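Report on the structure
In case you want the letters, here they are:
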Amino acid sequence: MGKDMITGSEALMRSLRLEGVDTIFGYPGGSIMPVYDSVYTYTRGEKKCFNHILVRHEQAAAHAAEGFARVSGKVGVCLVTSGPGATNTLTGIADAMMDSTPIVVIAGQVGIGVLGTDAFQEVDLVGVAQPITKWAYQIRRPEDVAWAVSRAFYIARSGRPGPVVLDFPKNAQVGKCEWKPVKVECVRSYRPYPELKEDAIRSAAELINQAERPFALVGHGIELAGAQKELIDFLEKADIPAGRTLLGLSALPSDHRLDMGMLGMHGNYATNMKTQECDVLIAIGMRFSDRDTGTPSTYAKQAKIIHLDIDKAEINKNIPVDIPIIGNCKESLPAITKLLDKRTHTTWIDSFRKYADEEREKVIEPDIHPKDGPMLMGEVVNVVSEATGGDAVLVNDVGQNQMISSRYFKFRHPRSIVTSGGFGTMGFGLPAAIGATFGAPDRTVCCFMGDGGIQMNIQEFGTIMEQQAPVKMILLNNNYLGNVRQWQDLMFNYRHSFTEMLNPHYQEIAEGYGIPYDIVIDRKDLKKKVERMLSTKGPYLLECAIKEDENIVPMILPGTSVEQMQLILDC
């Protein structure tokens, strides 16, 4: 019986299939054409097993893969050509690295024989990508394809997830090899799941059992580990109130009695103030970002700190901790919970109410139920959130739209927020929302964007048009780069240096792509137009004309401590 001899491109298709891939976001070009010829076979006829989504820009391919991965829990995949095709994905790769999102980027490359000659569309992708990936590798021979793909997926999805880049020269794509499936299940010197230390577990449990004012900080690690149930069991047994990071917002249902709101610069007043009053602080799957801690030297100095994280590098990196617990929180949380006493902290939990009530009176009610004046961002978000009943996926871009939608959107289910947290990538929202519709096809995907962010990847209207991706796009249009404008008001004496936007007619753009469109100018029309958007099958763009100089509050000003959070800005 003869050997099964196939090309490297065919080996790539078979390897992706073995990894359970069903969706690829990509854009063809010269150095990846042999692979795309194989893609042709595997997206049609009897061999069809992939859905290939043709994006309109390679950056969008990476962000769409991120959105797909975030909501599905799978590895997102994108396929691009060499040179500019590959470098266009770098922003998405860096974004995925910062936010621990598992994606695999496969890029074409010139043939081995001309590497280093500055051949057309040649770039040292491995060299460029190494600092912003978990692994970057050049597949130089067709017989290495199966091993490289399996290793890439293992590294991307295991431990603390992240991006992997495979650089695929043309000779390896067209050369022949014997097909031998490979399954990589370990990598020498790579230990993605550290062994829990029992003494640390016991010490943490003892400290929590002694605590009178415990407070948990819930991060993205809960979502990545699929540990929502373990989290709730932990919090409920010891009656511990919890704040959520931006990326951890859907790790705990918004209506859970122990949820105290969002942490950080534009988070909730009570969560930030109480960080400075607790006696034991339990950080779970979060990395103490500067946007959460304010000035690190003043952060939670009164508290004993327990830090649960799968990545040893995060321990003591930003905030010194008393008890580090390195491991998967799906394992470490139950181990601690087993040793906890059944407790109640009624007085401590009730004490959050004072700050929450003050914020509700001074910020939240004026934001979501304004009585007059121009329409506000908060009221738009609130109406959309109420209309979706907490069941939708929130995707947002970066800026004021991100902060306001994250503050007021409600969540009932895990993996319900897709946002660019650590890297803050404008232009992320639209392609990430497209990816989310493929990763969670049975869910409503609502994408909030500002007039700056939407234009950074507005070409993806073409992808939406072709795929009829049912993204409900809510454009909060204030004719400014609102977040930068707010900071210019606060710190640069209202000197609006190139933050005012001259915007296009979004209705005409939407019509050009065949996307249903409507605009809300008067708040009396808001609810019915939101309902029309949500009831319309397929994509929809709802433009909302909002107050131009609206600020996001509360706010922890740069260089200040979290307890100095301001409910009203002096600007």
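The preceding data block contains the structure.
In this report, we go over the structure that sits alongside the text.

Scoring rules and cut-offs
Chains are numbered independently. Their residues run from 1 in the order of the written sequence. The predicted nature of this model means local features are confined to residues of pLDDT at least 70 and side-chain atom pairs, given and counted, to a pLDDT of 80 or more, with totals for whole chains, interfaces and linings taken over all residues. Just so you know, side-chain values use all the structure's heavy atoms and leave hydrogens and water out. Counting from the N terminus, the helices are DSSP H or I runs at least four residues long and the strands are E runs at least two residues long. Contacts are residue-level and defined by heavy atoms, with any inter-residue pair within 4.5 Å sufficient. In this description, accessible areas are obtained by the Shrake-Rupley approach with a 1.4 Å probe, and a residue is regarded as covered only by the protein chains that are shown. Charged-residue counts in this description rest on Lys and Arg as positive and Asp and Glu as negative, His and the chain ends being excluded. A single reference atom marks each charge: NZ on Lys, CZ on Arg, CG on Asp, CD on Glu. Salt bridges are identified by distance alone: a Lys or Arg side-chain nitrogen within 4 Å of an Asp or Glu carboxyl oxygen. Each residue is assigned to one of three classes by its accessible area relative to the maximum for its type, calculated with a 1.4 Å probe on protein chains only: buried under 20%, partly exposed between the two thresholds, exposed over 50%. We define a polar contact as two N or O atoms separated by no more than 3.5 Å, with the added condition that, inside protein, one atom must be a possible hydrogen donor and the other a possible acceptor, whereas residues neighbouring each other in sequence contribute only through side-chain atom pairs. Lining residues are those with an atom within 4 Å of a point, where the points come from a 1 Å grid over the protein atoms alone and group into cavities, where a 1.4 Å probe fits but cannot get out, or pockets, open sets with protein on both sides within 12 Å along at least five of seven lines. Grid points are joined across faces, edges and corners, and a volume is the space filled by probe spheres set on the points. Pairing of aromatic side chains here covers Phe, Tyr and the six-membered ring of Trp, requires ring centres within 6.5 Å, and sorts the geometry by plane angle: under 30 degrees stacked, over 60 edge-to-face, intermediate tilted. Charge-over-ring placement is defined geometrically: NZ (Lys) or CZ (Arg) within 6 Å of the ring centre, and within 35 degrees of the ring normal. In this description, the arc belongs to the directions extending from the helix axis to the C-beta atoms. For two strands to count as paired, DSSP must find a minimum of two bridges between them. Axes here mean lines fitted to C-alpha atoms, for a helix over just the part in contact, with angles spanning 0 to 180 degrees between N-to-C directions. Residue type decides the class: Asp, Glu, Lys and Arg count as charged, Ala, Val, Leu, Ile, Met, Phe, Trp, Tyr, Cys and Pro as nonpolar, and the leftover types, Gly among them, as polar.

**Comments concerning the overall build of the protein chain**
Summing up its helical and strand segments, the protein chain has 24 helices and 20 strands in all. A principal-axis box enclosing the C-alpha atoms of the protein chain has dimensions of 75 × 60 × 40 Å. The long-range share in the protein chain, meaning contacts at least 24 apart out of those at least 6 apart in sequence, stands at 77%. With an accessible surface of roughly 22,900 Å², the protein chain has 51% of that area assigned to carbon and sulfur atoms. Distance from the positive charge centre (60 side chains) to the negative charge centre (70 side chains) of the protein chain: 5 Å.

**A look at the pattern of salt bridges**
Should their charged atoms come close, side chains of opposite charge can pair. This structure, assessed with the given rule, holds 33 salt bridges. The salt bridge involving Arg 244 is made with Asp 259; its shortest N-O contact spans 2.7 Å. In this pair, Arg 244 sits in strand 10 (residues 242-244) while Asp 259 sits in strand 11 (residues 259-262), placing the two residues 15 residues apart along the sequence. Each member of the pair, Arg 244 as well as Asp 259, is classed as buried. Of the charged contacts, one joins Glu 379 and Arg 523 as a salt bridge, the two residues approaching to 2.7 Å between their closest N and O atoms.

**Considerations on the side chain of Arg 14**
Checked against the element boundaries, Arg 14 lands in helix 1 (residues 8-18). Among the polar contacts listed, one links the side chain of Arg 14 to the side chain of Asp 4, at a separation of 2.6 Å. With residues near it in sequence (within four places) discarded, Arg 14 still touches Asp 4, Ile 6, Tyr 42 and Trp 179.

**With respect to empty space enclosed by the protein**
Applying the stated criterion across every chain, the model contains 2 cavities of 30 Å³ or more. In this structure, the largest cavity occupies an estimated 70 Å³ of space. Lining the largest cavity, in full, are Arg 70, His 220, Glu 223, Leu 247, Ser 250, Arg 415 and Ile 417. Its boundaries defined by the atoms lining it, the second largest cavity holds a volume of some 30 Å³. If you trace the second largest cavity, you find it lined by Leu 12, Met 13, Leu 16, Ile 24, Val 77, Cys 78, Leu 79 and Ile 106. Of all elements in the fold, only helix 1 and strand 4 (76-80) reach the threshold of two or more residues within the lining of the second largest cavity.

**Looking at the packing of aromatic side chains**
Evaluation of the coordinates by the stated rule reveals 14 aromatic pairs. Seen from their ring centres, Tyr 269 and Tyr 355 are 5.4 Å apart, and the 90 degrees between their planes marks the pair as edge-to-face. Placement of Tyr 269 in helix 12 (residues 269-275) and of Tyr 355 in helix 16 (residues 352-368) is noted, with a sequence separation of 86 residues between them. Here the two residues Tyr 269 and Tyr 355 agree in accessibility, since each one is buried. Aromatic rings pair up to connect Phe 25, Phe 68 and Phe 438 into one cluster. The positively charged end of Arg 44 is found above the aromatic ring belonging to Tyr 40, 4.0 Å away from the centroid. Between the NZ or CZ atom of Arg 151 and the centre of the ring of Trp 135, over which it lies, the distance is 4.5 Å.

**Points about helix 2 (residues 33-42)**
Regarding helix 2, the residues found buried are Val 35, Tyr 36, Ser 38, Val 39 and Tyr 42. The buried residues of helix 2 occupy an angular sector of 155 degrees when projected down its axis, which confines them to one face. Turned more than 90 degrees away from the buried face of helix 2 sit Met 33, Asp 37 and Tyr 40, all of them exposed. Next to the buried residues of helix 2 lie helix 1, strand 2 (23-26), strand 3 (51-54), strand 4, strand 7 (163-169) and helix 8 (170-174).

**A look at the sheet that holds strand 10**
The strand order across the open sheet built from 6 strands is 11-10-9-12-13-14, with neighbouring strands paired in parallel fashion. Each end of this open sheet is capped by a strand with a single partner; those strands are strand 11 and strand 14 (323-326). Taking each pair of neighbouring strands and ignoring which way they run, the sheet shows an average axis angle of 15 degrees. Of the strand pairs in this sheet, strand 10 and strand 11 are connected by 2 bridges, and their pairing is parallel. Of the residues in strand 11, the one forming a bridge with Ala 242 is Asp 259. Lying on the sheet, helix 11 (residues 228-238) is in contact with strand 9 (214-218), strand 10 and strand 12 (280-284); it crosses strand 12 at an angle near 170 degrees.

**Looking at the layout of surface pockets**
Quantified by volume, the second largest pocket comes out at close to 640 Å³. Lining the second largest pocket are 30 residues, and of these Asp 259, Met 260, Gly 261, Ala 356 and Arg 360 lie nearest its centre. Counting residues per element, the lining of the second largest pocket draws most heavily on helix 16, at 9 residues. Tallied by class, the residues present in the lining of the second largest pocket amount to 11 nonpolar, 6 polar and 13 charged.

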